[in-house]
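# Breakdown of the fold
If you want the building blocks of each chain, they are given just below.
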Protein chains: 2
Amino acid sequence: MQWQLAERAQRMNPSVIREILKVTEKPGIISFAGGLPSPKTFPVQAFAAACATVLKNDGPAALQYAASEGFPALREWVANSLPWKVDPAQVLITTGSQQALDLIAKILIDKGSRVLVETPTYLGALQAFTPMEPEFVSIASDAEGIDVGDLRAKAQGARFLYVLPNFQNPTGNTMSEARRAALSAAAAQLGLPIVEDNPYGDLWFDAPPPAPLAARNPEGCIYMGSFSKTLAPGLRLGFLVAPKALYPKLLQAKQAADLHTPSFNQRMVAEVLKDGFIDRHVPTIRALYKAQRDAMLAALEKNLAGTGVQWNMPDGGMFLWVKLPVGMDAAALLPKAVERNVAFVPGAAFYSDSEQKNTLRLSFVTASSEQINEGVAALAQVIKANLP
Amino acid sequence: MQWQLAERAQRMNPSVIREILKVTEKPGIISFAGGLPSPKTFPVQAFAAACATVLKNDGPAALQYAASEGFPALREWVANSLPWKVDPAQVLITTGSQQALDLIAKILIDKGSRVLVETPTYLGALQAFTPMEPEFVSIASDAEGIDVGDLRAKAQGARFLYVLPNFQNPTGNTMSEARRAALSAAAAQLGLPIVEDNPYGDLWFDAPPPAPLAARNPEGCIYMGSFSKTLAPGLRLGFLVAPKALYPKLLQAKQAADLHTPSFNQRMVAEVLKDGFIDRHVPTIRALYKAQRDAMLAALEKNLAGTGVQWNMPDGGMFLWVKLPVGMDAAALLPKAVERNVAFVPGAAFYSDSEQKNTLRLSFVTASSEQINEGVAALAQVIKANLP
């Protein structure tokens with residue numbers, strides 16, 4: 001039988017992270033690898049009550065086909081939750097924010113289109129964009145965000161810049177106010193559209209991050225958000241906010257992709273969100289993750305101070321970024337770490353080009369503080385045994 | 001701001017059906033337009049019980065990220081439900097079977113690839129395939145299915161044939177046993193892959209349809225199924241079964257598209273499906289839809305006999321196909337019908353080329369038998385007032 005693959009299929013690869021997650025599913029392993037929210041934060045009782053209410057009051061509608069745009073009450077909630085003026089008509093509910101990346105790729109990327117990304121950037125975005133065959137252009141980035149000078153040098157003809165300003169995946173870095181102002185000004189001047197991905201923004205520890213880029217130039221940005229980190233990922237609920245001129249094409253792509261996001265899930269979450277639930281719930285997640293970040297920082301300091309290994313201190317989110325001494329390869333360490341029952345993600349996969357093999361990503365949200373102490377100690381032993 | 005659309009986005013268009021559904025949402029309208037299952041058939045109580053059970057027993061897992069392949073128990077159920085030997089490892093759970101079309105398009109269609117379709121064919125498939133920019137080739141079809149001679153004449157270099165053998169959307173026609181045998185033999189000889197879409201196959205009225213094409217040549221077919229018609233569409237649960245060699249690429253496309261189908265929905269449906277629920281439930285749907293088909297046939301006979309208007313008698317599914325006298329344009333009738341509080345879908349949208357404007361699709365599942373009587377009478381008046 002002659003199954004001939006499309007050219008784009010040749011470029012598609014298995015997710016490195018998902019392959020690693022399989023390796024690390026062995027019982028007893030302490031995993032800093034996956035970006036899995038702590039199940040302790042899932043409001044199971046609130047979901048159970050919402051399921052019962054939705055099926056009792058609106059069962060037939062919740063189980064029927066529905067509008068591709070999304071459930072009106074949820075679109076309104078999203079519009080009202082954002083810190084700039086958003087019309088609910090600009091909100092498209094997506095099947096996780098991963099789907100928003102897929103829809104954006106379909107309507108904005110031609111084969112060979114230049115797509116600008118941070119260095120490093122979210123692996124799932126590279127995977128979502130890749131089937132549309134872009135040319136990725138890696139923009140130099142530091143702890144404050146995108147290097148605007150490098151952006152200006154490389155922006156010519158680019159379709160958009162993809163950026164994750166808050167508690168970035170993978171680095172945990174947050175773009176500073178000054179950098180956001182400079183980036184917004186440069187993008188407006190260059191006519192460069194921005195795709196702003198903000199799944200972690202609500203997970204700040206001491207103070208909220210600066211205002212989104214979309215708030216500064218709504219016509220120049222597509223903004224993406226998610227309920228995966230504040231409620232639960234297993235419902236697959238995300239959203240995008242698009243300029244009105246772009247919205248119809250994104251909606252057509254959505255219709256073709258899966259008709260609509262499950263109506264039952266949308267109504268269930270809209271029910272949970274009533275009466276300010278999120279304002280009571282999210283602070284409990286922040287407190288938990290902050291304590292676990294602190295546990296990880298303390299364990300790193302205790303076990304790796306003075307070895308030349310470097311790490312950052314994220315102000316929120318789920319991830320922390322480690323740089324091993326130059327010459328070390330984090331991927332080569334992984335099997336040795338897994339032998340010691342601890343796992344992480346080597347950083348190389350997050351680079352669209354010129355990967356830095358001496359980097360790795362640690363999640364501090366899935367494992368408990370006790371597990372973090374134990375896991376970092378084991379990881380540190382592996383690192384120290386392999387220092388150059 | 002310079003939002004430059006991808007070339008493929010220029011080809012994308014709003015769904016004619018979704019636009020019509022908006023028009024027909026006015027209160028009091030009797031709609032034969034949408035393919036909306038009767039909400040009477042949704043097992044609301046079973047879903048409520050399953051939600052409670054899943055959240056009580058497996059809440060954290062049901063709300064967490066999960067494998068892209070799908071929930072193991074659901075994949076096993078699907079494999080066991082099919083009338084040929086299927087390994088659960090070949091089953092990919094999708095966000096509605098619409099998503100399966102999107103994934104298939106991504107891995108099999110290059111710009112300009114020849115994709116063979118029935119005449120007429122499912123509009124949602126045309127929409128899912130279109131972003132990958134195929135050249136559609138319309139194969140002559142009659143009440144028994146694809147014209148195999150025409151297929152042989154046009155198959156050269158085609159990527160695949162997309163076919164809906166059971167109670168087809170839009171026509172309601174079922175491919176005969178003889179035609180399936182001839183098609184399978186021809187496809188095997190030509191090395192032509194088949195994408196077989198079977199969302200309606202369980203909705204037979206008097207006898208099950210002939211065996212699927214995939215059962216005859218599993219290595220040459222991707223098979224698609226859905227829970228939208230047997231349980232409820234609002235959960236967005238479908239599946240595909242692929243040859244093992246193709247599965248990895250489909251899985252990678254799935255990961256990139258939305259990571260995975262909601263784990264909560266998969267576990268909830270797996271819970272509902274325990275203990276043979278579907279075997280008790282589906283016969284009630286068959287009985288309801290058969291009675292409503294009969295009501296529609298009787299109403300058509302009563303109101304339109306002798307006018308030159310023709311229709312078929314579907315053996316299952318949701319749709320019936322009407323041919324108006326040549327020269328009439330169903331699209332021009334629609335506004336007049338909506339004025340009389342009845343709606344349908346003009347047939348032209350279902351043709352990938354050389355549309356037949358004198359056709360229309362009637363759904364007999366959404367409206368009750370009483371509404372069918374009333375709605376067909378009103379529609380017949382509009383038709384008769386506009387006969388050539």
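Residues numbered from 1 in each chain as written. Chains lettered and ligands numbered in written order. Predicted model: local features only at pLDDT ≥ 70, side-chain atom pairs only at ≥ 80, totals over all residues. Heavy atoms only, no water.

### Thoughts on the overall build of chain A
Here is the rule we go by: To qualify as a helix, a DSSP run of H or I must reach at least 4 residues; to qualify as a strand, a run of E must reach at least 2; elements of each kind are numbered from the N terminus. Between the two quantities, the radius of gyration covers C-alpha atoms and the globule rule is 2.2 Å times the number of residues to the power 0.38. Here's how the labels work: a residue is buried when its accessible area is under 20% of the maximum for its type, exposed when over 50%, partly exposed in between, all with a 1.4 Å probe on protein chains only. A contact between two residues is defined here by any heavy atoms of the two lying within 4.5 Å. Only the protein chains shown count as cover for residues, with accessible areas throughout obtained via the Shrake-Rupley method and a probe of 1.4 Å. Counted charges follow a simple rule, with Lys and Arg positive, Asp and Glu negative, and His plus the chain ends left uncounted. Note that the charge is assigned to NZ on lysines, CZ on arginines, CG on aspartates and CD on glutamates.
Counting secondary structure elements, chain A contains 14 helices and 15 strands. On C-alpha atoms alone, chain A measures out to a radius of gyration of 21 Å, which is about the 21 Å that the 2.2 N^0.38 rule sets for 388 residues. Summarising its shape, the C-alpha atoms of chain A cover approximately 60 × 60 × 50 Å along the three principal directions. Classification of the 388 residues of chain A by burial places 64% in the buried group. The long-range fraction of contacts in chain A, counting pairs at least 24 apart against all pairs at least 6 apart in sequence, stands at 76%. Total accessible area computed for chain A in this model is approximately 13400 Å², and 52% of it derives from carbon and sulfur atoms. Of the side-chain charges in chain A, 36 are positive and 35 negative, and the distance between the mean point of each set is 2 Å.

### Quick word on the packing of aromatic side chains
This is how the line gets drawn: Paired rings are identified among Phe, Tyr and Trp, the last through its six-membered ring, by centres lying within 6.5 Å, and are further divided according to the angle between planes into stacked (under 30 degrees), edge-to-face (over 60) and tilted (the rest). Counting as a charge over the ring demands two things of the Lys NZ or Arg CZ atom: a distance within 6 Å of the ring centre and an angle within 35 degrees of the ring normal.
Throughout the structure, instances matching the rule amount to 21 aromatic pairs over all chains. With centroids separated by 6.5 Å and ring planes inclined at 45 degrees, the aromatic side chains of Trp 321 of chain B and Tyr 351 of chain B adopt a geometry described as tilted. In this pair, Trp 321 of chain B is assigned in strand 12 (residues 319-323) and Tyr 351 of chain B in the loop between strand 14 (345-346) and strand 15 (359-363), connecting sequence segments 30 residues apart. Tyr 351 of chain B matches Trp 321 of chain B in its accessibility class, with the two residues each being buried. What links up through ring pairs into an aromatic cluster is the set Phe 129, Phe 136, Phe 160 and Tyr 162 of chain A. Arg 286 of chain A extends its terminal NZ or CZ atom over the ring of Trp 204 of chain A, reaching a point 3.9 Å from the ring centre.

### What to know about the state of the cysteines
Threshold: We call a pair of cysteine sulfur atoms a disulfide when they lie within 2.5 Å.
Evaluation of the coordinates by the stated rule reveals zero disulfides over all chains. The thiol sulfur of Cys 51 of chain B is not disulfide-bonded, and the nearest other cysteine sulfur, from Cys 51 of chain A, lies at 3.8 Å. Judged by its relative accessible area of 2%, Cys 51 of chain B falls in the buried class.

### Description of the packing of helix 3 (residues 44-63) of chain A against helix 11 (residues 263-273) of chain A
Residues and elements named next belong to chain A. Basically, it comes down to this: Interaxial angles span 0 to 180 degrees and are taken between N-to-C directions of axes, which are lines fitted to C-alpha atoms, for helices over the stretch in contact. With respect to orientation, any angle under 35 degrees is reported as roughly parallel, any angle over 145 as roughly antiparallel, any angle of 65 to 115 as roughly perpendicular, and every other angle as oblique. Helix crossings get a hand from a simple test, with the near helix turned counterclockwise from the far one by less than a right angle marking a left-handed crossing and a clockwise turn marking a right-handed one.
Contact geometry for helix 3 and helix 11: axes closest at 8 Å, N-to-C directions at 125 degrees. Looking at the two axes, helix 3 sits oblique to helix 11. As for how helix 3 packs across helix 11, the hand of that crossing is right-handed. On helix 11, the residues that touch Ala 46, Phe 47, Ala 50, Cys 51, Thr 53, Val 54, Leu 55, Asp 58, Ala 61 and Ala 62 of helix 3 are Ser 263, Phe 264, Arg 267, Met 268, Val 269, Glu 271 and Val 272.

### A closer look at the pairing of strand 10 (residues 238-241) of chain A
All names here are of chain A. To keep things clear, this is the line we draw: Strands are labelled as partners when DSSP assigns at least two bridges between them.
Where burial is concerned, the two faces of strand 10 agree: the one with Gly 238 and Leu 240 and the one with Phe 239 and Val 241 are both buried. With four bridges connecting them, strand 9 (residues 221-226) and strand 10 associate as antiparallel partners. If you follow Met 224 over to strand 10, its bridge partner there is Leu 240.

### Regarding the relation of the copies chain A and chain B
Our working rule: Superposing the copies works by least squares over the C-alpha atoms of residues that have pLDDT at least 70 in both of them.
For these two chains of identical sequence, chain A goes onto chain B by a turn of 180 degrees and a shift of 0.0 Å along the axis, with RMSD 0.0 Å. Such values leave the two copies arranged in the relation of a two-fold axis. For chain A, the minimum C-alpha distance to the rotation axis belongs to Cys 51 of chain A and amounts to 3.4 Å. The overlap is high: 100% of the interface residues of chain A also sit at the interface in chain B, so the same surface is used on both sides.

### Looking at the nonpolar core
In plain terms, the rule: Grouping buried Ala, Val, Leu, Ile, Met, Phe, Trp, Tyr and Cys residues that are joined through side-chain atoms within 4.5 Å yields what is termed a nonpolar core.
Ranked by size, the top nonpolar core spans 169 residues in total, and within it Phe 129, Tyr 162 and Leu 362 of chain A together with Phe 129, Tyr 162 and Leu 362 of chain B carry the most contacts. Once residues within four sequence positions are removed from consideration, Leu 362 of chain B is found in contact with Phe 32, Met 296, Leu 300, Met 318, Phe 319, Leu 320, Val 322, Phe 344 and Leu 379 of chain B. Counting residues in each nonpolar core, the second largest holds 106 residues, with Ala 50, Leu 183 and Leu 235 of chain A together with Ala 50 of chain B among its members.

### Observations concerning the packing of helix 12 (residues 277-304) of chain A against helix 14 (residues 369-385) of chain A
Residues and elements named next belong to chain A. The cut-off we apply is this: Under the convention adopted here, Pro, Cys and the residues Ala, Val, Leu, Ile, Met, Phe, Trp and Tyr are nonpolar, Asp, Glu, Lys and Arg are charged, and Gly plus all remaining residues are polar.
Contact geometry of helix 12 with helix 14 gives a least axis separation of 9 Å together with a crossing angle of 30 degrees. Classified by the interaxial angle, the pair formed by helix 12 and helix 14 is roughly parallel. As helix 12 runs across helix 14, the sense of the crossing is right-handed. Together, Ala 291, Gln 292, Ala 295, Met 296, Ala 299, Leu 300, Asn 303 and Leu 304 of helix 12 and Ser 369, Ile 372, Asn 373, Val 376, Ala 377, Ala 380, Ile 383 and Lys 384 of helix 14 make up the contact between the two elements. For the contact of helix 12 with helix 14, the class distribution of residues is 11 nonpolar, four polar and one charged.

### Comments concerning the domain arrangement of chain A
All names here are of chain A. The test is simple: Per the annotation, domain bounds derive from an automatic or database assignment of domains. In this description, buried area is defined as the sum, over both parts, of the accessible area (probe of 1.4 Å) that is lost when the two are combined.
If you check the domain split of chain A, you get domain 1 (13-42 + 279-385) and domain 2 (44-276). A straight line from the C-alpha centre of domain 1 to that of domain 2 covers 25 Å. Each partner contributes to the interface: domain 1 provides 33 residues, whereas domain 2 provides 31 residues. Taking both sides of the interface into account, the surface hidden between domain 1 and domain 2 amounts to around 2700 Å²; carbon and sulfur atoms contribute 60%. Among the residues of domain 1 in contact with domain 2, Phe 42, Arg 286 and Phe 350 are the three that bury the most area, contributing 23% of the side total.

### Some remarks on the interface of chain A and chain B
Condition: Basic side-chain nitrogens of Lys or Arg form a salt bridge, by our definition, when they fall within 4 Å of a carboxyl oxygen of Asp or Glu. Whenever a nitrogen or oxygen atom comes within 3.5 Å of another N or O atom, the pair is scored as a polar contact, on the condition that within protein one atom can donate a hydrogen and the other can accept it, and that pairs from neighbouring residues in sequence are kept only if both atoms are in side chains.
Between chain A and chain B, the contact holds 86 residues from the first and 86 residues from the second. Where chain A abuts chain B, roughly 7000 Å² becomes buried across the two surfaces, and 61% of that area is made up of carbon and sulfur atoms. The largest share of the area that chain A buries against chain B comes from Trp 3, Leu 63 and Tyr 65 of chain A, three residues that together contribute 12% of it. Scanning the region where chain A abuts chain B turns up two salt bridges. A salt bridge links Lys 106 of chain A to Asp 102 of chain B; the nearest nitrogen and oxygen atoms lie 2.6 Å apart. Where chain A touches chain B, the interface holds 34 residue pairs in polar contact (both at pLDDT 80 or more). For the side of chain A that touches chain B, the element with the highest residue contribution is helix 3 of chain A, accounting for nine residues. Tallied by class, residues from the side of chain A that touches chain B come to 48 nonpolar, 24 polar and 14 charged.

### Side note on unusual backbone geometry
Residue and element names in this part refer to chain B. The residue after Thr 119, namely Pro 120, is reached through a cis peptide bond having omega 0 degrees. The omega angle of the peptide bond from Asn 169 to Pro 170 is 20 degrees, so this bond is cis rather than trans. With a phi angle near 65 degrees, Asp 275 is a residue other than glycine that sits in the positive phi range.

### Details of the pattern of salt bridges
All names here are of chain A. If you walk through the whole model with that rule in mind, you get 28 salt bridges over all chains. In this structure, Glu 7 and Lys 111 form a salt bridge, with 2.8 Å as the shortest nitrogen-oxygen distance. Of this pair, Glu 7 sits in helix 1 (residues 7-11) while Lys 111 sits in the loop between helix 5 (96-108) and strand 3 (114-117); the two residues are 104 residues apart in sequence, bridging distant segments of the chain. According to the relative accessible area criterion, Glu 7 is partly exposed, its value standing at 43%. With a closest N to O distance of 3.6 Å, Arg 11 and Glu 133 form a salt bridge. Pair noted here: Arg 11 is in helix 1 and Glu 133 is in the loop between helix 6 (123-129) and strand 4 (135-138), with a separation of 122 residues, a long-range link. What makes Glu 133 buried here is its relative accessible area of 8%.

### With respect to helix 14 (residues 369-385) of chain B
All names here are of chain B. Keep this limit in mind: A helix is expected to span 1.5 Å multiplied by its residue count minus one.
In this model, helix 14 (17 residues) spans 24 Å end to end at C-alpha, consistent with the 24 Å of a helix rising 1.5 Å per residue. Those residues of helix 14 lying buried are Ile 372, Gly 375, Val 376, Ala 378, Leu 379, Ala 380, Val 382 and Ile 383. Contacts from the buried residues of helix 14 go to strand 1 (30-31), helix 12 (277-304), helix 13 (330-339), strand 13 (342-343) and strand 15.

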